Amino acid sequence: MAAAFRLLTRLRGVIASAWLGFAVLLATLIPAVGAPPFDLLPLNTASPNHARVFNNVLVGNSTPQTDTFRAGEEILSAVYAYLAPTSPVYNQVAYRERLFVLLDHRLGLWASGQSFEDIGFAWQACYAYMLLKHHRPGEISASRRTLYESAIAANNADVLSSSPLIYEQGLVAQLWLNGDIRLAMGVYFGATALGDAVSAEKARAAIDGVMARSVLADGGARYVGFWGEVATYHEENIRCFIWWWRVTGSPSIKAALDSTLRYSVISNEPAGYVEQSSNIPYKHMYNGLRNLRASLWKAYLYNDGYNYFYGAAMETSTSTDLLNAILYQPNRVTRVPPSNVGVFWDANLRGPRGRFQGNWGWILHGRDVQRGGPENAELIAAQGYAGRHCGKNTFAGAFTLGPVANNTPLKGALDTVLVEFKASVGEETDFMRGARYRYLAQDEQTSTITRRGFGTLATRYRISSRTSSNATPNWNSSATRWLGNQLWVGTGERLIGLVQIGNDAADIVYGLDARLVFTGGRRGIMGSLLPLTQPDATSFAFGDLRARVHFTSFAGAITQQRIAISDPNSTDDFSALVRIHDAQSGSDAAVSFPSGTRRSLLLDVVRSGTSYATSVVNVLPDNASLAVFQFAEGARRIRVVHNLTASERPYSGNFVVGSSFTRASLHRSWSQVVTPLSVVSGTVTVAETLPPNGHMVAVVGALDEDHQASFLTGDEVYGAAGSLHKLAEYSLGASATSPGEPASPVVSLVAGAPAITFDRLRADVDYVVERSPDLVNWTTLALNPGAVGQTVTVPDDPSASGQPRRFLRVRLAVRPP
């Protein structure tokens, strides 16, 4: 009863905030029944960018666009500029001629067997040809028709044959979403233009049935190897989801789009910076895309104030994005994301994040890139493809922010902490995945703990010899004799961790190191050059970030080198690579290390002005079965223990905390059980049997949040971002087949006209049924039709039957008590 009462209380609180904070809208796109995909989407003439939206079309220029992504954008703009009735340059032949220049070149490459599967222009080119062929068939010469259609057929065959797990078996395991959805859209639109129903259906089934299932719990998307997406990818995914949904009316893609609502506010910081540590190994600072446009589009679709906070600047600054003009909705609300969240669970990464006042934070990345997590068991069954990415290059990261300057508020980030060995002599040329050094993880066994006041991560992994050039499905072929383990604790004050390297067989290598990467951004993209200094022999200062080595058994020199964070371009020196060498490292000399070699580093990371931890001890520095360290910060004492083996292992140890402490508790990985511990004569005894590869943390202090099993989630932190979904569930009910999803509305034909059917469940909710010809101008069809408790059907206005597109929605609003 108590749990149910809490749920009801929380639900009503969300609804109240939705009522007071912003208008809640549940909109369902209803294309005309059987609407073909060549119906053009209406442009909103009220958009601030309407008059300039086609400025990127180089009319009068006979030179093809060389950059494939810019070519794709120009192709899409040109076809809408020429064909859309509300285009400010509608029917101007110069736009059609520029479109032919672009298509002649790009589709000509396909026709000659080149550039297949180019994601930069594939779907836009096929979509544009489909629109031209339907709307202006007489304007396409016979020679062009032959060229274009042979090109599209060749590319379609290549795309469909290259990804059988997606198109034949319907598995997410091989999915590279932001690339694959663009290719699949190209196949669908191209096959539709050719009348190839079989290929079109394969592409549609892949998008609606496979790619719609790619979204993770907090709105990110899974990729090959199950890695969470980066900001660049998310923006392109959202763009494709929206285009596909708006053109086809796909309910599965609309549901996937709905479930991404929180991603930007979870992965972005309040000033718009996307923290680094969630990125896959080679996509750090990849380009300038930081989810701002995706946030704007979501703000238009859902009137979500957090997304509008990030996206509002793109409303007028970008004039050539068609979705801005198509989706524009005036009078969006703005909600400023909290800057002092504390610790919360990020379900995309299966680990805790910390975000704190003073604009600093950390992340502990628990997702395993090789295995399908609980959201998708099929990835485990398809192991031949589940591990195709290279392994992790980070488990932990921290950042600090400041006033926006030089296009970023980033004032220093710890991007990478790993242990490594050097496999061959010479200078390193690949700073993200390794050419001579080996540090990427495979076969990881990772666990986390999330509480309101702290988070932890422990991992044991094999160091991999895989690189981008040998990323075969078989991970065993790339296993080395070296293992890494990491044990991290994040609090409101610090990120502190023990990293170790050891071997289980003798090996000859050219050195052992601990590898740290600090970054201030990427030159030419975002960020600034921040110097790395060493105030003393054991500490570092980078921007507003500080780091101290409390313990090391590497015992060698510390070297620094400025690097590019995503490529070896010498002009990009915004990042600093630090190597803390073993005593026998750094000379490129072959060294024979016996089995059981072990080196350790205990690192403490804080923001400027925060004191380092005290009483920091690596408790068992030479133990091959257990890793244990402890530290003190203010009125808190913490000991963390990690089982490094694949078997259960008992642990017992006394933790001296002092006579002023009376409250202690024990927390276990992947468990919500909290066990009180006794403080006897200033000492806490920790005795527990650890599961294989598991870890536990003993916390001593007076704070209630340190001794409770509760933790924050994205839903709780950004409740308003999910209020649309919660209000819909409250007002309309949940689906029996998809718990948590609204059961209605649904669309059907009644007497030949579209009608919307929904469950009117609540007496305290107004149900307003509205219709629109263009998703801009709405008129009311009914207010609270039927009776409370009934399933209600409202047909469209019969007089609208001649309109080419018809939209219906149910607008929900809770009446204040």
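First, a word on scope: everything that follows refers to the structure included in this document. Note that the coordinates shown come from a computational prediction; the quantities given were computed from them, not determined experimentally.

### A short note on the sheet that holds strand β31 (residues 695-701)
In sheet architecture, strand pairing relies on hydrogen bonds along the backbone and comes in two forms, parallel and antiparallel. Spatial strand order, β23-β24-β25-β31-β27-β28: six strands in an open sheet with antiparallel pairing. If you trace the sheet from one side to the other, it starts and ends with β23 (614-618) and β28 (674-677), each paired once. This sheet shows a mean twist of 15° between the axes of neighbouring strands, independent of strand direction. With eight bridges joining them, strand β24 (residues 626-633) and strand β25 (residues 636-643) adopt antiparallel strand pairing. By the bridge assignment, A627 is partnered in β25 with H642.

### A few points about the packing of aromatic side chains
Enumeration over the complete set of coordinates arrives at 27 aromatic pairs. When the centroid spacing of 6.1 Å and the interplanar angle of 55° are considered together, the rings of F189 and W244 count as tilted. Within this pair, whereas F189 is found in helix α7 (residues 177-194), its partner W244 is found in helix α9 (residues 231-248), the two being separated by 55 residues in sequence. With respect to burial, F189 and W244 carry one shared label: buried. Summarising the aromatic geometry, the rings of F395 and Y461 are spaced 5.2 Å apart at their centres and angled 25° between planes, so their arrangement reads as stacked. Here the residue F395 occupies a position in the loop between α17 (383-386) and β5 (396-405), and Y461 occupies one in strand β9 (residues 455-464), the gap between them amounting to 66 residues.

### As for the pairing of strand β27 (residues 664-668)
For β27, the tally of buried residues reaches five of five residues, placing the bulk of the element in the interior. Relative to β28, β27 runs antiparallel, the two being bridged by four bridges. Its bridge partner lying in β28, S665 is registered against P676. Following β27, the chain reverses through five residues before pairing antiparallel with β28; W670 in that reversal takes a positive phi of roughly 55°. Pairing between β27 and β31: five bridges, direction antiparallel. Its bridge partner being in β31, H667 is matched across the sheet by V697.

### Points about helix α12 (residues 292-302)
Here α12 lies mainly inside the structure; 11 of its 11 residues are buried. Considered for burial, the residues of α12 that qualify are L292, R293, A294, S295, L296, W297, K298, A299, Y300, L301 and Y302. Two residues or fewer past α12, N303 is found with a positive phi of approximately 50°.

### Quick look at the sheet that holds strand β26 (residues 649-656)
Taking strand neighbours across the sheet as the criterion, the three strands line up as β26-β30-β29 in an open arrangement whose pairing is antiparallel. Where the open sheet ends on each side, the last strands, each with one partner, are β26 and β29 (679-680). Sheet analysis places β26 next to strand β30 (residues 683-690), joined by eight bridges and oriented antiparallel. Its bridge partner lying in β30, R649 is registered against L690.

### A short note on unusual backbone geometry
Despite not being glycine, A555 has its phi angle at roughly 65°, a positive value. If you trace the backbone, A555 turns up in strand β19 (residues 555-563). The phi dihedral of W670 falls on the positive side, at around 55°, and the residue is not glycine. Looking at the element boundaries, W670 is found in the loop between β27 and β28. W670 sits in the partly exposed class, given a relative accessible area of 43%.

### A closer look at the nonpolar core
One recurring pattern in soluble globular proteins: nonpolar side chains tend to sit buried together. By size, the foremost hydrophobic cluster in this structure holds 105 residues, and its most contacted members are F54, Y80, Y127, F189, M211 and W243. Sequence-distant contacts of Y127, that is, excluding residues within four places in its chain, are made with P37, L76, Y80, F189, W243 and V247.

### With respect to empty space enclosed by the protein
Counted according to the given criterion, the structure contains six cavities of 30 Å³ or more. When its volume is computed, the largest cavity comes out at roughly 120 Å³. Along the walls of the largest cavity sit 14 residues, with N279, M285, Y286, N287 and L289 positioned nearest its centre. Looking at side-chain class alone, the lining of the largest cavity contains seven nonpolar, four polar and three charged residues.

Parameters and conventions
- Residues numbered from 1 in each chain as written.
- Predicted model: local features only at pLDDT ≥ 70, side-chain atom pairs only at ≥ 80, totals over all residues.
- Heavy atoms only, no water.
- Pairing = 2+ DSSP bridges.
- Helix = DSSP H or I, 4+ residues; strand = E, 2+ residues; numbered from the N terminus.
- Axes fitted to C-alpha atoms, helices over the stretch in contact; angles between N-to-C directions.
- Phe/Tyr/Trp six-rings, centres within 6.5 Å; stacked < 30°, edge-to-face > 60°.
- Buried < 20%, exposed > 50% of the residue type's maximum accessible area, 1.4 Å probe, protein only.
- Core = buried A, V, L, I, M, F, W, Y, C linked by side-chain atoms within 4.5 Å.
- Contact = heavy atoms within 4.5 Å.
- 1 Å grid on protein atoms, 1.4 Å probe; cavity = no way out; pocket = protein on both sides within 12 Å on 5 of 7 lines; lining within 4 Å.
- Points joined across faces, edges and corners; volume = space filled by probe spheres on them.
- Nonpolar A, V, L, I, M, F, W, Y, C, P; charged D, E, K, R; others polar.

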